[in-house]
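# Inside the fold
Here's the letter readout for the chains.
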Amino acid sequence: MLAAQAVAQTVTQEDLLRTTSEPGNRGGKLVIAQRSEPRTFNPVVAIDQNSLGVSARLMGDLIHINRATQKTEPALAKSWTVSKDGTQFTVNLRRGLRFSDGAPFDADDVLFSFKVYLDEQVHSPQRDLLIISGQPTTLKKIDNYTVRFTFPAPYSAVERVFDGVAILPRHLLEKDYQEGRINQVWTLSTPPEKIAGLGAFRLKQVVPGDRIILERNPNYWKIDAKGQRLPYLDELTFVVVPTQDAQVIRFQAGDSQIISGLSADNFAVLEPEQKSRHFKLYDAGPGLEYNFLMFNLNDDTEGRLPEVARKQKWFRDARFRQAVSAAIDRAGIVRLVYRNRGAAIATHVSPGNKAWFDSSIQPQVRSLPKAREMLKAAGFSWKADNTLLDSSGQPVEFTILVGSSNTQRSQIATLVQEDLKAIGIVAHVVPMETRSANDRVLNSHDYEAIVMGLVSGDADPTPDMNILMSNAQTHLWHLGEKIPATPWEAELDRLMQKQMVTLNYQERKKIYSRVQEVLAQQLPMVYLASPNILVGAREDLGNFRPAIIEQYTFWNADELFWHTPAGKH
Amino acid sequence: MIVARDGIEPPPAFSGLRSTNFGSRLTWALWFLLAIHALVVLAAFIAPYSYQTQERLHSYAPPTSVHFFDCAGKFHLRPFVYVTKNAESSRMEYTQDCTQPARIEFFTQGDEYSILGMFHSTRHLFGVAAPANLFLMGTDGFGRDQFSRLLYGGQVSLFAGFVAAAFSAVTGLLLGGIAGMYGGLIDDVAMRMAEIFITVPWFYLLIAVRAFLPLQISPVAAFLLVVAVIGMVGWGRPARLVRGVVLSARERNFVLAARGFGASNAYLLRRHLMPLTFRVLLTQMAVLIPQFILAEVILSFLGLGIGEPFPSWGNMLAQAQQYHVLVSYWWMLLPGLAPVPVFLAYHSLAETLQERVTSNI
């Protein structure tokens, strides 16, 4: 594990960070396939994984989450202190560092960066994390290498917030910011010399639609145990390979040396070839993706969508949702869709989330008697041919929407459909282009049920407030709640607010366990399964440590190296 | 492709030549097609499983081997299978259990079904008793029997082609007949429309039309839609053919004679002209049906046709789009082969009919 330590280097007068991972060999190139081209290199506006994956290699952050341990560790911040009340956070920066273009780094760059992120006009996605209870975080420069952050309230996830908040080069971007153009800078057509950061690599060349080549940043601030400056690789190339099947073929052929996000099916195809083709596959365990069946609980359907509104009488009854949950064969989903490389889940917190998973909340095992009992209690009955009827004698029939771009989710929907037949529910699976399906969930609310998947951005509970808070932007099952629509949603609101300002981990964990309990009981989403993170790399790639947080395979690109002499790849 | 030449009378020298050869080929093709269609209509009886029965412990199981010799090498008159088990792993590998043979039974009890909504039964032509399984063509990812699904899928694919061809033939007959009979502006309008439909790339039109229609429709509606869309696009050629036949027949002596006795246009069309077009139309149908079957297969392959869990040859083959299926499970490609003999039979039929038409007019 990379338990990084900060070690002051008096010789170079740079505060370099000494890593504890295996020292490697300099040189060589690494090719990584991406589904599509990054939209931008600009960390202020990047939201898609393709852009973030590249921009995180170019840029540095103050405190970084180690993807392998899921814990925070120092990055550009050499150390930090928290005031007793938890509202003041003082960061000591590394001294003597330089951006990849040679310009020096100091507290002014940090102040500038956060000014940009906090600016409402900029609409940066990082802003949400820096606003606490509606109040923005404020910054104060103590000296050239010390910055104090003041939060409006104690903030439990404070260290994690800094991960991914890239420090921007003030000398390059201040003018653009003042002229209100910060959103438009650093596109794919920007000349590489106009882009600089504190990341392990810097931009060398962009071949539009095909590849992006990064080269080693000679000013990077990490060294290994032997004192060699990281990164080891001379070049990092991102190529565009739009489908996973094509990525598998490219990987088999050795055109790319790392593969991420493999489906269990493709994993099984590659598995027997590991020896002969000199690569190694890794199963990193359940990731932070959770797939679920969600019913439409929005309240704006009355009159506008009479058919949906009629069925919502069933959906709103927790016993109906519990019955559906009990009828679903999660083990079957894990076996057939994920080939046992996945986990059945009770809530959105997958077993892969080491710090917050509560093993006492077990996923529902399929039980038709329980499902029938629940339905009976909720006033449902059955016709002689096993058709389920509601209390007014109407047959229970609904459609399950599913985005067609994800094969696994379509398979889940087909399995759920068959499972529900056993309790007399007729479900129709409707595959739909993923964007249209999402649009129905988020905007028109014209759906009955949907099989969806989400990926938690971080192992920490706080980002989940985006979904769980009743007034959140993506409170998917019931959008636009002004006040919590149900008592349990009110409880979730209270609990989530409380965990955000609770600094003690044990207490916070207790609160979050209660959140999971409520979710498993009320099932606003019928949580189904989490797939394992399945990846692969050439066997002679050193320090390859796949993780379950993005970017699964190359989050530690600065430490990756080739065991074989450079130039072979 | 064979298209009857529009109303041009053939040289009389051909008449009667090789007629016995035509006959046997015609019979062969007809019987074969009849057999296939019967098989597909009776799918529920012939298939050992329903199209949606999921044997979840047998996902991607290879075709079950049917044995006459047991593991000890002893011969049995009645064919049998062994119970297969999946070594509970992430790989889909199945082993035979030599200690558990299961004889293939005929007229066994199984899933309940109905044929054409009339006959209800639970008896299937053949099957094996649980825990054994009889997957003649292996299973798909959900553990559904490919053989059974192929038969059920044929219902959709074959009849979509048939109904759509009938639809376009009837439309073609009406529009072509009227155009040929009345001529003038009516003829011009109808034929320019037909030409537009012929020149429009049908495949893109199908996709475009399908895109305008609602996605959330029942499978039956989806089937009818596909049929209507395919049939709508295909009426141009038969219409032109019929028009040609009518146009030339209009001037023939018996028609002129009938007209001389005061027969109306409608009467002439019905009594004298339409019957002349039937052979041409029949040939045209034999050409169009395989085209339309293929159109349905393509639409379903692209996910625009009939949807899960209902099978069609197209949506079954669509699963083989996934790389892992393509390289690992050869039996998933069988739905792609299914149309081949059907198409051959239809083409043979069309060719024979064509030769008959040209030799008998």
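Residues numbered from 1 in each chain as written. Chains lettered and ligands numbered in written order. Predicted model: local features only at pLDDT ≥ 70, side-chain atom pairs only at ≥ 80, totals over all residues.

## Some remarks on the overall build of chain A
In terms of regular secondary structure, chain A is built from 17 helices and 27 strands. For 569 residues, the compact-globule formula gives about 25 Å, and the C-alpha radius of gyration of chain A, at 25 Å, lands near that figure. The principal-axis extents of the C-alpha atoms in chain A amount to approximately 85 × 60 × 40 Å. Within the span of chain A, comprising 569 residues, buried residues form 49% of the whole. Residue pairs at least 24 apart in sequence account for 67% of intrachain contacts in chain A once pairs closer than 6 positions are excluded. (Helix = DSSP H or I, 4+ residues; strand = E, 2+ residues; numbered from the N terminus. Rg over C-alpha atoms; globule rule 2.2 N^0.38 Å. Buried ≥ 20, exposed ≤ 12 C-beta atoms within 10 Å, placed from the backbone. Contact = placed C-beta atoms within 7 Å.)

## Comments concerning the overall build of chain B
Per the secondary structure count, chain B includes 13 helices and five strands. The buried share of chain B, taken over its 361 residues, is 40%. A sequence separation of at least 24 residues applies to 73% of the contacts in chain B between residues at least 6 apart.

## Notes on the domain arrangement of chain A
All names here are of chain A. What the domain assignment reports for chain A is domain 1 (5–240 + 539–562) and domain 2 (289–531). In this structure, domain 1 and domain 2 have C-alpha centres spaced 36 Å apart. In this complex, domain 1 contributes 11 residues to the contact, which on the side of domain 2 involves 13 residues. Its residues assigned to classes, the side of domain 1 that touches domain 2 comprises seven nonpolar, three polar and one charged. (Domains from an automatic or database assignment. Nonpolar A, V, L, I, M, F, W, Y, C, P; charged D, E, K, R; others polar.)

## With respect to the sheet that holds strand β10 (residues 138–143) of chain A
Residues and elements named next belong to chain A. A sheet is described by the order of its strands in space; here four strands give the open sequence β6-β7-β11-β10, paired in antiparallel fashion. Two strands bound the open sheet, and with one partner strand each, they are β6 (77–82) and β10. The mean angle between the axes of side-by-side strands here comes to 20°, regardless of whether they run parallel or antiparallel. Judged from the five bridges that link them, β10 and strand β11 (residues 146–150) form a sheet pairing that is antiparallel. Within the sheet, the bridge partner assigned to Asp-143 lies in β11 and is Thr-146. (Pairing = 2+ DSSP bridges. Axes fitted to C-alpha atoms, helices over the stretch in contact; angles between N-to-C directions.)

## Remarks on the domain arrangement of chain B
All names here are of chain B. When its domains are assigned, chain B resolves into domain 1 (12–41 + 150–360) and domain 2 (47–144). Here the C-alpha centre of domain 2 lies 37 Å away from the C-alpha centre of domain 1. Taken together, the contacts link 11 residues of domain 1 with 10 residues of domain 2. The leading source of residues in the side of domain 1 that touches domain 2 is helix α3 (residues 146–182), at three residues. Partitioning the side of domain 1 that touches domain 2 into residue classes produces 10 nonpolar, one polar and no charged.

## Overview of helix α9 (residues 265–301) of chain B
In this model α9 of chain B runs just 46 Å from its N-terminal to its C-terminal C-alpha over 37 residues, more than 12% under the 54 Å that 1.5 Å per residue would give. The sharpest bend along α9 of chain B comes to roughly 45°, located at Met-274 of chain B, with the proline Pro-275 of chain B sitting one to four residues further on. (Expected span 1.5 Å × (residues − 1). Bend = angle between axes of the 7 residues up to and from the residue.)

## Description of helix α17 (residues 505–522) of chain A
All names here are of chain A. The terminal C-alpha atoms of α17, which comprises 18 residues, lie 25 Å apart, in line with the 26 Å expected from a rise of 1.5 Å per residue. All of the buried residues along α17 are Arg-508, Tyr-512, Val-515, Gln-516, Leu-519 and Ala-520. With its buried residues spanning 130° around the axis, α17 presents them on a single face. Buried residues belonging to α17 abut α16 (487–501). Just past α17, the residue Leu-523 takes up positive phi, approximately 50°. (Arc of directions from axis to C-beta.)

## Quick look at the sheet that holds strand β1 (residues 67–69) of chain B
All names here are of chain B. A sheet is described by the order of its strands in space; here three strands give the open sequence β1-β2-β3, paired in antiparallel fashion. The open sheet is flanked by β1 and β3 (94–103), the only strands paired with a single partner. Across the sheet, the axes of successive neighbouring strands diverge by a mean angle of 50°, strand direction being ignored. When β1 meets strand β2 (residues 75–86), the two strands line up antiparallel, connected through two bridges. Looking at the pairing, Phe-69 lines up with Phe-75 of β2.

## Describing the nonpolar core
Met-294, Ile-400, Val-416, Ile-450 and Leu-528 of chain A are the most contacted members of the largest nonpolar core, which has 167 residues in total. Of the residues forming this core, the biggest block, nine residues, is contributed by strand β25 (residues 525–538) of chain A. Shared between two domains, this core holds at least three residues of each, these being domain 1 (5–240 + 539–562) and domain 2 (289–531) of chain A. Not counting residues within four places of it along the chain, the set of residues in contact with Ile-450 of chain A comprises Met-294, Ile-400, Leu-401, Val-402, Ala-437 and Val-441 of chain A. Listed in part, the 82 residues of the second largest apolar core include Ala-164, Ala-295, Phe-301 and Leu-304 of chain B. (Core = buried A, V, L, I, M, F, W, Y, C linked by C-beta atoms within 7 Å.)

## Thoughts on the packing of α3 of chain B against helix α7 (residues 236–249) of chain B
Residue and element names in this part refer to chain B. Direction vectors running N to C along α3 and α7 enclose 40°, while the axes themselves pass 7 Å from each other. The hand of the α3/α7 crossing is right-handed. Note on element contacts: α7 touches α3 through Pro-238, Ala-239, Arg-240, Leu-241, Val-242, Arg-243, Val-246 and Leu-247, opposite Ser-168, Ala-169, Gly-172, Leu-173, Leu-175, Gly-176, Gly-177, Ala-179, Gly-180 and Met-181. For the contact of α3 with α7, the class distribution of residues is 11 nonpolar, five polar and two charged. (Left-handed = near helix turned anticlockwise from the far one by under 90°.)

## Describing the confidence of the model for chain A
Residue and element names in this part refer to chain A. With 97% of its residues at a pLDDT of at least 70, chain A reaches an overall mean of 91. Across chain A, the element-wise mean pLDDT spans from 42 in strand β1 (residues 5–6) up to 97 in helix α10 (residues 318–327). Here residues 1–12 scores under 50 on pLDDT; set against residues more than four positions off or in separate chains, the count is 24 contacts. (pLDDT = per-residue confidence, 0-100.)

## A word on the interface of chain A and chain B
Taken together, the contact pairs 25 residues of chain A with 19 residues of chain B. Counting residues per element, the side of chain A that touches chain B draws most heavily on helix α13 (residues 407–421) of chain A, at six residues. Tallied by class, residues from the side of chain A that touches chain B come to 10 nonpolar, nine polar and six charged.

## Here we look at the packing of α7 of chain B against α9 of chain B
Residue and element names in this part refer to chain B. Running from N to C, α7 and α9 cross one another at 145°; their axes reach a closest spacing of 9 Å. Our pair here, α7 against α9, has a crossing hand that is right-handed. Side by side, α7 and α9 meet where Arg-237, Pro-238, Leu-241, Val-242, Val-245, Val-246 and Ala-249 of the first sit next to Leu-273, Leu-276, Thr-277, Val-280, Leu-281 and Gln-284 of the second. For the contact of α7 with α9, the class distribution of residues is 10 nonpolar, two polar and one charged.

## Observations regarding the environment of Phe-267 of chain A
Residues and elements named next belong to chain A. You can see Phe-267 is positioned in helix α7 (residues 264–270). Taking the number of C-beta atoms within 10 Å as the measure of exposure, Phe-267 has 24 and is therefore buried. Along the chain, Phe-267 and Asp-283 lie 16 residues apart, while their C-alpha atoms are 9.2 Å from each other. Not counting residues up to four positions away in its chain, the partners in contact with Phe-267 are Leu-262, Leu-281, Arg-341 and Leu-534.

## Details of the pairing of strand β4 (residues 105–115) of chain B
All names here are of chain B. One ladder, built from seven bridges, connects β4 with strand β5 (residues 119–127); its direction is antiparallel. Of the residues in β5, the one forming a bridge with Ser-114 is His-120. Joining the antiparallel neighbours β4 and β5 is a turn of three residues, in which Leu-116 adopts a positive phi near 55°.

## Considering unusual backbone geometry
Looking along the chain, the bond that leaves Leu-230 of chain A and enters Pro-231 of chain A is cis, with omega of -10°. Secondary-structure assignment places Pro-231 of chain A in the loop between β14 (222–223) and β15 (235–240). The residue after Ala-130 of chain B, namely Pro-131 of chain B, is reached through a cis peptide bond having omega 5°. As for its placement among the helices and strands, Pro-131 of chain B is situated in the loop between β5 and α3.

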